Amino acid sequence: MFSISPATRKLINNWAGPILFGWMVYFIVQQVREQPNLIAARAMILQAFSPMHAVTWLSVVVLMLLNWTVEAYKWKVLMKGLEPISFFRALRAVFTGQAVAFTTINRLGEPAGRALFLSEGNRIRGAVLSAMGGLAQLLVTMAAGWLALLFLQIFQPQLTIFSGTISATWLKLLNLLLVGAIFFLALLYFNPTAMVNWLLTFRFFQKFSFFLQKLTALSPHTLTTILLLSFVRFVIYTIQYLLLLGLFGVEVEWSTGAALVSLMLMVLAFIPSIALAELGFRGQISIWLLGLVSVNYAGIVATAAGIWLINLIIPALAGSLLILGVRIFFKPSV
């Protein structure tokens with residue numbers, strides 16, 4: 001069997017992200033250079049940083065803080081049956097999770113980063129419960145993406161994605177796959193006992209059976225609360241995107257823009273990437289989808305970069321400072 005040496009694996013892990021990021025940025029820059037009225041678009045982007053737009057920037061930052069406040073409360077609710085924690089401690093855990101997740105694929109290290117703020121005996125179970133919050137967010141993202149796809153098919157059938165890129169047969173198949181996936185995830189999410197039993201059919205999860213059992217204690221009320229909080233986060237994120245699109249001169253109706261952003265978030269949820277390379281993916285997918293209604297590629301890329309910086313990089317930097325104060329082998333003070 002073909003195997004990769006530890007040294008080679010380490011080399012790939014260290015350089016795959018930067019190389020992929022560089023390739024994606026080069027590809028995006030080429031597309032931006034070819035857009036019409038590039039000089040006007042560049043002037044509009046520079047104007048977006050003028051003092052007259054301070055209120056919009058402030059609104060986006062406030063929404064970022066609200067977003068992570070909701071996420072902290074969501075994590076606090078999830079930990080309630082394991083280890084009651086204060087809201088401030090939950091907020092610190094969320095930011096620390098962002099820092100740890102920065103170098104992991106699809107931010108899979110986030111639950112481990114948050115678990116540092118739990119007592120030593122609860123950290124693995126806490127990470128497992130955190131993954132349940134991620135499942136709720138994925139369920140909301142997929143449901144919103146599917147509804148967005150239906151909305152665009154009904155109210156924007158003239159878009160090239162429907163008239164040429166994807167045939168009617170493939171669209172029907174895509175809709176069926178999405179409905180099936182959403183139904184399957186919802187079935188697992190609202191029936192954690194069945195989910196645990198299903199996971200234990202895989203040999204990999206059998207050695208973690210003790211930690212997985214904590215999922216079965218989640219009540220329907222708690223699961224519904226987590227799902228609603230995940231929906232609130234999704235709405236906040238979408239509003240941020242629409243505000244920045246307007247700020248950078250990307251003219252699109254809010255309903256159509258919200259649908260396209262929802263589709264983009266669903267696509268991003270299924271693309272394996274680390275935070276650094278994710279900027280390239282965000283830019284390219286944003287151009288692919290929002291480029292259907294606007295040729296202001298420079299504004300679209302600037303919006304994607306702004307969202308990436310405000311919602312991911314700034315919280316990760318804040319979390320990296322908090323990590324310095326976390327005592328890994330002892331219970332941190334509240």
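This is a predicted model, so every value here is computed, not measured.

Undergrad: If you had to explain the overall build of the protein to someone new, which residues and values would you point to?
TA: Helix and strand counts for the protein stand at 15 helices and zero strands. Looking at the 334 residues of the protein, the share that counts as buried comes to 48%. Pairs at least 24 residues apart make up 74% of the contacts formed inside the protein by residues separated by at least 6 positions. Element-wise, carbon and sulfur atoms account for 72% of the exposed surface of the protein, whose accessible area totals about 17,200 Å².

Undergrad: Explain the packing of helix 12 (residues 220–247) against helix 13 (residues 254–269) to me, and be specific about the residues and the numbers.
TA: At a minimum axis separation of 10 Å, helix 12 and helix 13 run at an interaxial angle of 120 degrees. Between helix 12 and helix 13, the crossing angle belongs to the class labelled oblique. In this structure, helix 12 crosses over helix 13, and the sense of that crossing is right-handed. Across the interface between the two elements, Phe 234, Tyr 237, Thr 238, Tyr 241, Leu 242, Leu 243 and Leu 245 of helix 12 pack against Trp 254, Gly 257, Ala 258, Val 261, Ser 262, Met 264 and Leu 265 of helix 13. Taken together, the residues of the contact of helix 12 with helix 13 break down into 11 nonpolar, three polar and no charged.

Undergrad: Can you tell me about the nonpolar core, naming the residues and giving the values?
TA: Within the largest apolar cluster, 81 residues are counted, with the highest numbers of intra-cluster contacts made by Met 132, Tyr 189, Leu 215 and Tyr 241. Ranked by the residues each element gives to this core, the list is headed by helix 6 (residues 123–155), at 12 residues. With residues near it in sequence (within four places) discarded, Tyr 189 still touches Met 132, Leu 135, Ala 136, Leu 139, Leu 223, Ile 226 and Leu 227.

Undergrad: I'd love a proper account of the packing of aromatic side chains, names of residues and values included.
TA: What the rule picks out here adds up to 10 aromatic pairs. Consider the rings of Trp 57 and Phe 248, whose centres lie 6.0 Å apart with planes at 75 degrees: the pair is edge-to-face. One end of the pair, Trp 57, is in helix 3 (residues 54–79); the other, Phe 248, is in the loop between helix 12 and helix 13, and 191 residues separate them in sequence. Accessibility classification places Trp 57 together with Phe 248 in one group, the buried group. Summarising the aromatic geometry, the rings of Phe 151 and Phe 155 are spaced 4.9 Å apart at their centres and angled 40 degrees between planes, so their arrangement reads as tilted.

Undergrad: Provide a residue-level description of the pattern of salt bridges, including the pertinent values.
TA: Overall, the coordinates contain five salt bridges when judged by the stated rule. For Arg 89, the salt bridge goes to Glu 83, with nearest N and O atoms at 3.0 Å. Judged by its relative accessible area of 2%, Arg 89 falls in the buried class. Residue Glu 83 is classed as buried on the basis of its relative accessible area of 7%. Salt bridges here are not isolated pairs; linked through shared partners, they connect Glu 71, Lys 74, Glu 110, Arg 114 and Arg 233.

Undergrad: Tell me about helix 12, and please be specific about residues and values.
TA: When the terminal C-alpha atoms of helix 12 are compared, their 41 Å separation across 28 residues agrees well with the 40 Å that a helix rising 1.5 Å per residue should span. Phi for Gly 249, located one or two positions after helix 12, is positive at around 80 degrees.

Undergrad: Describe the packing of helix 6 against helix 12, naming the residues involved and giving the relevant values.
TA: If you want to describe how two helices pack, look at the angle between their axes and the distance between the axes. Two numbers describe how helix 6 lies on helix 12: the axes approach to 9 Å, and their chain directions differ by 55 degrees. Here helix 6 lies oblique to helix 12, going by the angle between them. Classified by chirality, the crossing of helix 12 by helix 6 is right-handed. Residues Met 132, Gly 133, Ala 136, Gln 137, Leu 139, Val 140, Thr 141 and Ala 144 of helix 6 touch helix 12, and the partners they reach there are Leu 223, Ile 226, Leu 227, Ser 230, Phe 231, Arg 233 and Phe 234. For the contact of helix 6 with helix 12, the per-class residue count stands at 10 nonpolar, four polar and one charged.

Undergrad: Can you lay out the side chain of Glu 83 for me, pointing to particular residues and giving the numbers?
TA: Position of Glu 83 among the secondary structure elements: in the loop between helix 3 and helix 4 (87–101). Among the polar contacts listed, one links the side chain of Glu 83 to the side chain of Ser 119, at a separation of 2.8 Å. Engagement of the side chain of Glu 83 in a polar contact is seen with the side chain of Asn 122, the distance being 2.9 Å.

Undergrad: Which residues make up the confidence of the model for the protein, and what are the values?
TA: In this model, the protein carries an average pLDDT of 82, and 79% of its residues clear a pLDDT of 70 or more. When mean pLDDT is taken per element in the protein, helix 12 scores highest with 96 and helix 1 (residues 6–33) scores lowest with 52. In this model residues 327–334 is a low-confidence stretch, pLDDT under 50, and it forms 19 contacts with partners more than four residues away in sequence or in other chains.

Undergrad: Describe a nonpolar patch on the surface, with residues and values.
TA: Taken together, the side chains of Phe 231, Val 232, Val 235, Ile 239 and Trp 254 define a hydrophobic patch exposed on the protein surface, amounting to about 440 Å² of accessible area. The element contributing the most residues to the nonpolar patch is helix 12, with four residues. Looking at the secondary structure, you find Ile 239 in helix 12.

Undergrad: Outline helix 13, supporting the account with residue identities and numerical values.
TA: For helix 13, built from 16 residues, the straight-helix expectation of 22 Å at 1.5 Å per residue is met to within 8% by its first-to-last C-alpha distance of 22 Å. Every buried residue belonging to helix 13 is among Thr 256, Gly 257, Ala 259, Leu 260, Val 261, Ser 262, Leu 263, Met 264, Leu 265, Met 266 and Leu 268, and all of these are buried.

Undergrad: Please provide a residue-by-residue account of the environment of Gly 246, values included.
TA: Counting through the fold element by element, Gly 246 comes out in helix 12. You can call Gly 246 exposed: its relative accessible area is 52%. Sequence-wise, Gly 246 and Thr 303 are 57 residues apart; in three dimensions their C-alpha atoms are separated by 9.1 Å.

Quick notes on the rules
- Residues numbered from 1 in each chain as written.
- Predicted model: local features only at pLDDT ≥ 70, side-chain atom pairs only at ≥ 80, totals over all residues.
- Heavy atoms only, no water.
- Helix = DSSP H or I, 4+ residues; strand = E, 2+ residues; numbered from the N terminus.
- Buried < 20%, exposed > 50% of the residue type's maximum accessible area, 1.4 Å probe, protein only.
- Contact = heavy atoms within 4.5 Å.
- Areas by Shrake-Rupley, 256 points an atom, 1.4 Å probe, with all protein chains shown as cover.
- Axes fitted to C-alpha atoms, helices over the stretch in contact; angles between N-to-C directions.
- Parallel < 35°, antiparallel > 145°, perpendicular 65-115°, else oblique.
- Left-handed = near helix turned anticlockwise from the far one by under 90°.
- Nonpolar A, V, L, I, M, F, W, Y, C, P; charged D, E, K, R; others polar.
- Core = buried A, V, L, I, M, F, W, Y, C linked by side-chain atoms within 4.5 Å.
- Phe/Tyr/Trp six-rings, centres within 6.5 Å; stacked < 30°, edge-to-face > 60°.
- Salt bridge = Lys/Arg side-chain N within 4 Å of Asp/Glu carboxyl O.
- Expected span 1.5 Å × (residues − 1).
- Polar contact = N/O pair within 3.5 Å; in protein donor to acceptor, adjacent residues only side chain to side chain.
- pLDDT = per-residue confidence, 0-100.
- Patch = residues over 30% accessible without salt bridge, like charges linked within 9 Å, V, L, I, M, F, W, Y side chains within 5 Å.

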